[in-house]
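# Understanding the architecture of this molecule
Residue strings, one per chain:
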Amino acid sequence: MSDTTIATAASVAPASTETVLSVENLKMHFPVKGSGIVRRTVGHVKAVDGVSFEVAKGTALGLVGESGCGKSTTGRMVTRLYKPTEGKINFEGTDIANYSGKQLHPMRREIQMIFQDPSTSLNPRHTVGSIIGAPLRIHKMVPKDKVLDRVQELLEIVGLNPEHYNRYPHEFSGGQRQRIGIARALTLQPKLLVADEPVSALDVSIQAQVINLLQDLQKEFDISFLFIAHDLAIVRHFCPEIAVMYLGKIVEIGDRESIYEHAHHPYTQALLSAVPDVKQAAIGGRRERIRLEGDVPSPINPPSGCHFRTRCAIAKDICSVVEPPLLQIGKKHKVACHFPGEIHQHPEKPVTAPLLGVDEFGAPDPGASPAEVPGDGPGYADTWYDLANNSRGSA
Amino acid sequence: MSESATVFEGEELSGGSTPPSAPGEAKAIAGKSPMKLAMMRLRKDKPTMVSLTVVILVVVAAVLAPLLVKMGVLDPFSYNQNLLDANTIPEGGWSGASGAHPLGVEPGTGRDAMSRFWYGITFSLMIALTAAMLSVIIGAVVGIIAGFSGGWVDAILSRFTDLTLSFPSTLMLLALSSLGLKLVQQVTGLPNGPLAQGIYCTVVLAIFGWTSTARVVRGQVLSIKQREFVEAAVVLGASKPRIYFKEILPNLWAPLLVLVTLMMPAYISAEAALSYLQVSVKPPTPTLGNVLADSLKYAQVDPFYFFMPAILIATIVISFNLLGDGLRDALDPKGDR
Ligand SMILES: Nc1ncnc2c1ncn2[C@@H]1O[C@H](COP(=O)(O)OP(=O)(O)OP(=O)(O)O)[C@@H](O)[C@H]1O
Ligand code: SF4
Ligand SMILES: [Mg+2]
């Protein structure tokens, strides 16, 4: 029996939590138009190129990655600001990826968004009262004379003075404006909140307060979050599950422990090395700083094979030939790398090669029998690929 | 919740991360809408306030003139040959200024100079103002639709704008003036007179003048569209009309106001030029262009009469220009924060 054989193990108890959002193979390719009178499409920005993930009810999934890797685009597809090029967005079991404007209207109440920059996400010509009350008027949720009551209630919930409903956004500080944006998103009592870097534009001293507020709201109203951030420090306490994106793809996804304690992807490891680690410092240890060389390549022409290979310290031949599949390597842990392993313990041979039916340099291997790769698709399977003995494992 | 609530107090006290404004200033502007803020800024701007005063005076004068003519206080039409010498030059200095004719009389005819200048403002201003508003309305509609729809709608409208801009408008205006005037008479049923001539001039100015507005507005819409509050409205489920009228339009009033104000001086000059070329309102009805044309003949013999219309036009044009610039500075959205 070859070591790549995948045994069908007994299934573990099904996931206990209900799934609110399940995204499958989502793609967003923006056309690039040439100049000239007839603006032909000359290429595509593959901003998001096939991502799958799940958000469980009442929890938060963190979406992390450097600038330009497609986090906002993913969030904007989930809120259906963009219509995906391909893929499914299952919200409470219904695929809304191809919904038209009219069909979307009732869904809008369920999925809301918090924006990155509170100085542009609030209309400068509207009072705070009309900004927070707008959703109520749009969806005719409460009678007209009750709108103000609800607005004041919401202002209080987010920690603002309810008497300030008459003021304009420019009269508030950045942190206060973000609270207004949060109140607006809460107005419709959504089930899912997409928070696109909600604290990146704020002073460091205010970031924690806003995160705390979001955490309180999550507990109070049982809201699920897709929380976008560009570093792993911010999502650490907020998100029990984290997905790391690079150039339009998820390179590693897993629960908090898998990502922070047992990251297997070199990119995640590099991002982690930039996170000040309180626990490690306490025990006298120190994370080695891995510097990421160069910039993120253009998503118009991503590198062949593994997108990360141009900046990867451990890249080998196979990396430029074959794209690594997202392989489930733990109960709640998937990684897309030919050489997955904890830092300094990456295997010598590509563990994925036998699965894909190629040799260790990426050339097709006539002798191998490609197997189904556990890990494609949203959520986690009950069985996975056990790296320790190169076989199928289970809980 | 308690934690965020307590720290929030500190945020309030320190003024949080609000950029430049000092805490004291922040208190002073509390409860002010962006418009009110702009007005406050405007009030501190001396040159703009002076030009605003002049503009208001000019507008009031333009409104009063027809009434005063009706009441007989102003008389721009009667000839007073008795006030002219043998060479039909007004007798006495300063164009023969007197109590009855404060700015003297016109050489050649002896018509009251002040009446002609004053009444001339009315026609010129009406034409310029109507043309400016029409241009801005057409331009705003084209610009908003182009900017908001994007895609092929934008492509077609932008080409159309470019095409209009490249049209030799003055030439057309001259070549087609008699034809156009007849058309106006037919459509409106008006006799050939100052009103029909004025309408023709207004329409032509507007038809060729909206392009700059369309471009500016399109750019503004594109930039407003990028701002996240529009996306927020979409996510909230706002309808297209709601986004147009409630989210985008309120942010366009300020630039549109500036555009109208800045278009006024251009149209006043243009109308004067057209009157001079006899394509706008024709004599004997006075317009700024007509009185300027009349005055040019007397440059040497009656310098006072020669300079008056030029000074009048210059004052009006410069005032509108200064006002437009001042408004633009005061309404600059960057100044909002
Ligand atoms: N509307 C669009 N048209 C064309 N390209 C786009 C569009 N929106 C985003 N992109 C491109 O897609 C890529 C991903 O953008 P996105 O905004 O999703 O990145 P991000 O991960 O949110 O980065 P950041 O941290 O800077 O917000 C970028 O290269 C960007 O230039
Ligand atoms: S697949 Fe290769 S290039 Fe990509 S992360 Fe793994 S080792 Fe690096
Ligand atoms: Mg982003």
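Residues numbered from 1 in each chain as written. Chains lettered and ligands numbered in written order. Predicted model: local features only at pLDDT ≥ 70, side-chain atom pairs only at ≥ 80, totals over all residues. Heavy atoms only, no water.

This part covers the site of ligand 1. Residue and element names in this part refer to chain A. S67, G68, K71, S72 and T73 are the nearest of the 14 residues found near ligand 1. Between ligand 1 and G68 there is a distance of 2.7 Å, counted from an oxygen atom to a backbone nitrogen or oxygen. Taking T73, its side chain carries an N or O atom lying 2.5 Å from an oxygen atom of ligand 1. Calculation on ligand 1 without its partners gives an accessible area of 640 Å², and the protein chains cover 65% of this total. Of the residues forming the shell around ligand 1, the biggest block, three residues, is contributed by helix α1 (residues 71-78). Grouping the constituent residues of the shell around ligand 1 by class yields six nonpolar, five polar and three charged. (Near = heavy atom within 4 Å. Polar contact = N/O pair within 3.5 Å; in protein donor to acceptor, adjacent residues only side chain to side chain. Areas by Shrake-Rupley, 256 points an atom, 1.4 Å probe, with all protein chains shown as cover. Helix = DSSP H or I, 4+ residues; strand = E, 2+ residues; numbered from the N terminus. Nonpolar A, V, L, I, M, F, W, Y, C, P; charged D, E, K, R; others polar.)

Moving on, we get to helix α3 (residues 128-138) of chain A. Counting buried positions over the 11 residues of α3(A) gives nine, a clear majority of the element. Of all the residues in α3(A), the buried ones are A:V128, A:G129, A:I131, A:I132, A:G133, A:A134, A:P135, A:L136 and A:I138. Contacts from the buried residues of α3(A) go to α2 (101-108), α4 (147-157) and α5 (174-186) of chain A together with α11 (228-236) and α12 (240-248) of chain B. In the segment just after α3(A), A:K140 is the residue with positive phi, at about 45°. (Buried < 20%, exposed > 50% of the residue type's maximum accessible area, 1.4 Å probe, protein only. Contact = heavy atoms within 4.5 Å.)

Let us look at the sheet that holds strand β2 (residues 41-56) of chain A. Residue and element names in this part refer to chain A. The antiparallel open sheet is built from four strands, whose spatial order is β2-β1-β4-β5. Because the sheet does not close on itself, it has two edges, and the strands there are β2 and β5 (94-95). Across the sheet, α1 is in contact with β1 (19-33), β2 and β4 (86-91); its angle to β1 comes to roughly 115°. (Pairing = 2+ DSSP bridges. Axes fitted to C-alpha atoms, helices over the stretch in contact; angles between N-to-C directions.)

The subject of this paragraph is the confidence of the model for chain B. Residue and element names in this part refer to chain B. A residue-level look at chain B finds 82% of positions with pLDDT of 70 or above and a mean pLDDT of 78. The secondary structure element of chain B with the lowest average pLDDT is helix α1 (residues 2-14), at 36, and the one with the highest is α11, at 92. Low pLDDT (under 50) marks residues 1-30, which in the prediction has 41 contacts with non-local residues, meaning those over four places away or in another chain. (pLDDT = per-residue confidence, 0-100.)

Our focus in this paragraph is the pattern of salt bridges. Per the counting criterion, the structure on display carries 16 salt bridges over all chains. Residue B:E231 is joined to A:R76 by a salt bridge in which the shortest nitrogen-to-oxygen separation is 2.3 Å. In this pair, B:E231 is assigned in helix α11 and A:R76 in helix α1, connecting two distinct chains. In terms of burial, B:E231 and A:R76 fall into one category: buried. Through salt bridges with shared partners, a single ionic network connects A:D49, A:K249 and A:E323. (Salt bridge = Lys/Arg side-chain N within 4 Å of Asp/Glu carboxyl O.)

As a further point, take α12(B). Along α12(B), the residues that are buried comprise B:R242, B:I243, B:E247 and B:I248. Mapping the buried residues of α12(B) onto a view down its axis gives an arc of 145°, with all of them on the same face. (Arc of directions from axis to C-beta.)

Turning next to the UniProt feature "transmembrane region" (unreviewed entry) in chain B. All names here are of chain B. Under the local residue numbering, the UniProt record ascribes the feature "transmembrane region" (unreviewed entry) to residues 49-69, 117-148, 160-183, 195-217, 248-268 and 304-324. Between the end C-alpha atoms of residues 49-69 there is a gap of 30 Å, over a span that is 100% helix and 0% strand. Helix makes up 83% of residues 160-183 and strand 0%, whereas the separation of the span's terminal C-alpha atoms amounts to 24 Å. (UniProt positions renumbered as here; feature names shortened; annotations may be inferred.)

Once that is clear, we can look at a nonpolar patch on the surface. A cluster of nonpolar residues, B:I56, B:V60, B:L64, B:L67, B:M71 and B:V73, forms a patch on the protein surface that exposes about 560 Å² of accessible area. In this structure, B:L67 sits in helix α4 (residues 46-71). (Patch = residues over 30% accessible without salt bridge, like charges linked within 9 Å, V, L, I, M, F, W, Y side chains within 5 Å.)

Residue and element names in this part refer to chain B. Between helix α9 (residues 194-209) and helix α13 (residues 253-276), whose axes approach to 11 Å, the crossing angle comes to 130°. It follows that α9 is oblique to α13 by the angle criterion. The interaxial crossing formed by α9 with α13 has right-handed handedness. Across the interface between the two elements, C201, L205, A206 and G209 of α9 pack against M263, Y267, A270, E271 and L274 of α13. Residues that form the contact of α9 with α13 fall into these classes: seven nonpolar, one polar and one charged. (Parallel < 35°, antiparallel > 145°, perpendicular 65-115°, else oblique. Left-handed = near helix turned anticlockwise from the far one by under 90°.)

So, on to the sheet that holds strand β7 (residues 192-196) of chain A. Where strands meet in a sheet, backbone hydrogen bonds hold them as pairs that are either parallel or antiparallel. Residue and element names in this part refer to chain A. One open sheet holds the eight strands; their spatial order is β6-β7-β8-β3-β9-β10-β12-β11, and the pairing between them is mixed. Only two strands of the sheet have a single partner each, and these edge strands are β6 (111-114) and β11 (327-330). Pairs of neighbouring strands in the sheet enclose a mean axial angle of 20°, with direction left out of account. Two strands pair when backbone bridges link them, and strand β3 (residues 60-64) and strand β9 (residues 241-246) are joined in this way by four bridges, in the parallel orientation. From the neighbouring strand, L61 faces β9, where its bridge partner is E241. In the packing of α5 onto the sheet, contacts are made with β6 and β7, and the angle to β6 comes to roughly 175°.

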